[in-house]
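So the chains spell out like this:
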Amino acid sequence: MAAEVGTPSFSQLQSVQKAMALPSVEAAVGQVGALYSKVKGAHSLLEWALSTAEASVTLAAHTAAPFVAAPLAIGDAKVAAALGELERRIPIVTEQPKVIVETTKQAVLSKISPQLNRVYGARVAAEQKVKSLKELSWVKANSLLSTAYGQKAMQGVDCGAVYAMRLLDHYLPPAQGEAPVSTEIVPADTDPTMHTVQTVGRLSAVAARRVWANLAVKVTELRSSGIELDVRRYITALLAALHLAKVTNDEQQKDQSIEERKEQKSAEPTPENTPNKNETPTSPPTIEIVKASPEAKSEGDQ
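What you see is a predicted model, and the numbers here were worked out from it, not measured in a lab.

### What about the overall build of the protein chain?
Moving on, step 1. When you go through the protein chain residue by residue, the secondary structure sums to 11 helices and zero strands.
Moving on, step 2. Counting from the amino terminus, the protein chain carries its helices and strands in the arrangement α-α-α-α-α-α-α-α-α-α-α.
Moving on, step 3. Looking at the protein chain as a whole, 11% of its 302 residues qualify as buried.

### Description of helix α8 (residues 192-224)
Moving on, step 1. With 33 residues, α8 should reach 48 Å at 1.5 Å per residue; the first-to-last C-alpha distance of 48 Å fits that figure.
Moving on, step 2. Taken as a whole, α8 has its buried residues at Pro192, Thr193, His195, Thr196, Thr199, Val206, Arg210, Ala213, Asn214 and Val219.
Moving on, step 3. Check the buried side of α8 and you find it contacts α6 (97-145) and α7 (148-171).
Moving on, step 4. Looking one or two residues past α8, Gly226 carries a phi angle of roughly 95°, positive in sign.

### Quick word on the side chain of Thr193
Moving on, step 1. Its location among the elements puts Thr193 in helix α8.
Moving on, step 2. Excluding residues that lie within four positions of it along the chain, Thr193 makes contacts with Trp138, Ala141, Asn142 and Leu145.

### Description of the packing of α6 against α8
Moving on, step 1. With their axes 8 Å apart at the nearest point, α6 and α8 run at an angle of 90° to one another. With respect to α8, the axis of α6 lies roughly perpendicular. Where α6 approaches α8, its residues Trp138, Ala141, Asn142 and Leu145 are matched on the opposing element by Pro192, Thr193, Met194 and Thr196.
Moving on, step 2. When grouped by side-chain class, the residues that make up the contact of α6 with α8 number five nonpolar, three polar and no charged.

### Observations concerning the packing of α7 against α8
Moving on, step 1. One can describe the packing of α7 onto α8 by two numbers: an axis separation of 10 Å at closest approach and a directional angle of 15°. As the angle between them shows, α7 and α8 are arranged roughly parallel. α8 is crossed by α7, and the crossing has left-handed handedness. Only Pro192, His195, Thr196, Thr199, Val200, Arg202, Leu203, Val206, Ala207 and Arg210 of α8 make contact with α7, whose side of the interface consists of Met154, Val157, Asp158, Ala161, Ala164, Met165, Leu168 and Asp169.
Moving on, step 2. Partitioned by chemical class, the residues of the contact of α7 with α8 number 11 nonpolar, three polar and four charged.

### Some remarks on a negative patch on the surface
Moving on, step 1. Among the surface-exposed residues, Glu251, Asp255, Glu259, Glu260 and Glu263 lie close enough to one another that they form a single negatively charged patch.
Moving on, step 2. Structurally, Glu260 can be placed in helix α9 (residues 231-267).
Moving on, step 3. Residue Glu260 is classed as partly exposed on the basis of its relative accessible area of 42%.

### Digging into the pattern of salt bridges
Moving on, step 1. The full count for this structure, using the stated rule, is two salt bridges.
Moving on, step 2. Measuring nitrogen to oxygen at the nearest pair gives 3.0 Å for the salt bridge that ties Asp169 to Arg210. Residue Asp169 is located in helix α7, and its partner Arg210 is located in helix α8; the two are separated by 41 residues in the primary sequence.
Moving on, step 3. With a closest N to O distance of 3.3 Å, Asp250 and Lys246 form a salt bridge. One end of the pair, Asp250, and the other, Lys246, are both in helix α9, four residues apart, so they sit about a helical turn from each other.
Moving on, step 4. What makes Asp250 partly exposed here is its relative accessible area of 37%.

### So, a nonpolar patch on the surface
Moving on, step 1. A cluster of nonpolar residues, Tyr234, Ile235, Leu238, Leu239 and Leu242, forms a patch on the protein surface that exposes about 510 Å² of accessible area.
Moving on, step 2. With respect to the helices and strands, Leu238 occurs in helix α9.

### Digging into the environment of Ile185
Moving on, step 1. Relative to the helices and strands, Ile185 resides in the loop between α7 and α8.
Moving on, step 2. Residue class for Ile185 comes out partly exposed when judged on its relative accessible area of 30%.
Moving on, step 3. On a C-alpha basis, the gap between Ile185 and Gln198 in space is 6.1 Å, while along the polypeptide they are 13 residues apart.
Moving on, step 4. Sequence-distant contacts of Ile185, defined by excluding residues within four places in its chain, comprise His195, Gln198, Thr199 and Arg202.

### Here's the deal with α6
Moving on, step 1. With 49 residues, α6 ought to run about 72 Å at 1.5 Å a step, and its terminal C-alpha atoms sit 68 Å apart, in line with that.
Moving on, step 2. At Ile112, α6 shows its largest kink, close to 40°, and the proline Pro114 lies no more than four residues downstream.
Moving on, step 3. Buried within α6 are the following residues: Ile100, Asn142 and Leu145.
Moving on, step 4. Buried residues belonging to α6 abut α4 (23-40), α7 and α8.

### Describing the side chain of Thr196
Moving on, step 1. With respect to the secondary-structure elements, Thr196 resides in helix α8.
Moving on, step 2. According to the relative accessible area criterion, Thr196 is buried, its value standing at 18%.
Moving on, step 3. When sequence neighbours within four positions are dropped, the list of residues in contact with Thr196 reads Leu145, Met154 and Val157.

What counts, and at which threshold
- Residues numbered from 1 in each chain as written.
- Predicted model: local features only at pLDDT ≥ 70, side-chain atom pairs only at ≥ 80, totals over all residues.
- Heavy atoms only, no water.
- Helix = DSSP H or I, 4+ residues; strand = E, 2+ residues; numbered from the N terminus.
- Buried < 20%, exposed > 50% of the residue type's maximum accessible area, 1.4 Å probe, protein only.
- Expected span 1.5 Å × (residues − 1).
- Contact = heavy atoms within 4.5 Å.
- Axes fitted to C-alpha atoms, helices over the stretch in contact; angles between N-to-C directions.
- Parallel < 35°, antiparallel > 145°, perpendicular 65-115°, else oblique.
- Nonpolar A, V, L, I, M, F, W, Y, C, P; charged D, E, K, R; others polar.
- Left-handed = near helix turned anticlockwise from the far one by under 90°.
- Patch = residues over 30% accessible without salt bridge, like charges linked within 9 Å, V, L, I, M, F, W, Y side chains within 5 Å.
- Areas by Shrake-Rupley, 256 points an atom, 1.4 Å probe, with all protein chains shown as cover.
- Salt bridge = Lys/Arg side-chain N within 4 Å of Asp/Glu carboxyl O.
- Lys, Arg positive; Asp, Glu negative; His and termini not counted.
- Charge placed at Lys NZ, Arg CZ, Asp CG, Glu CD.
- Bend = angle between axes of the 7 residues up to and from the residue.

Such coordinate-based values are descriptive only and should not be taken to indicate function.
Written out as structure tokens, the structure is:
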């Protein structure tokens, strides 16, 4: 390839001379040429094949040179003019590759640095705001726990934690090989909020470890006894039992509501037994009025 590039008919082209004058093109051609020479000299068979191909290309180029001389000259002039315009508009192409890379890097950084600084500043401001809110909430919680009611509440939490630990020790004793939970708790006088958080967290950690440790021990015992516990089937059966209990409870509540509705309906008075207030009292018949008059009574006595 180096010999092909260096042929007189090819190296006399203005476009090739201008392109080879660019440091980046020259470096690229040099690297490609070095790689080509390395591949060509790797094996004798490769060297013979590539040498034959070079000879064929050279022969074809010399044979076709008289026929493509005029079009090649026109294309060479256009490419040379385009390269000259490129050098005029973008002078950086005439610099060394390292200078181009560094200049491009600085240009990109100058474009994106304001946006990066803005995003970084917004993140720092948000973190500072969250931190200040957290500190304010912590101070507020400490001030509330420092009051009389807060002290009573904190004592209730401590007593409840102690009682819960006793229950855990009784019903879920520590299994063999269980890692101990850290018992270092900040005193209530120093930081009431941290004391409460650590107390509740320690109780939760102990409960979780005891449950999983005892479950693991029971599963190991079952396996040693020849009983294989299928966790998936156990969970499926448990969910089915819970669903059945829920359906049964819903049906019982539905039947109970129907019975209550019937009792309320039977206790309500019927329209036949209740007097109608809108009805007007009927007037007595005319015969009864005549009989009740004094004249009728006197005639009856005679």
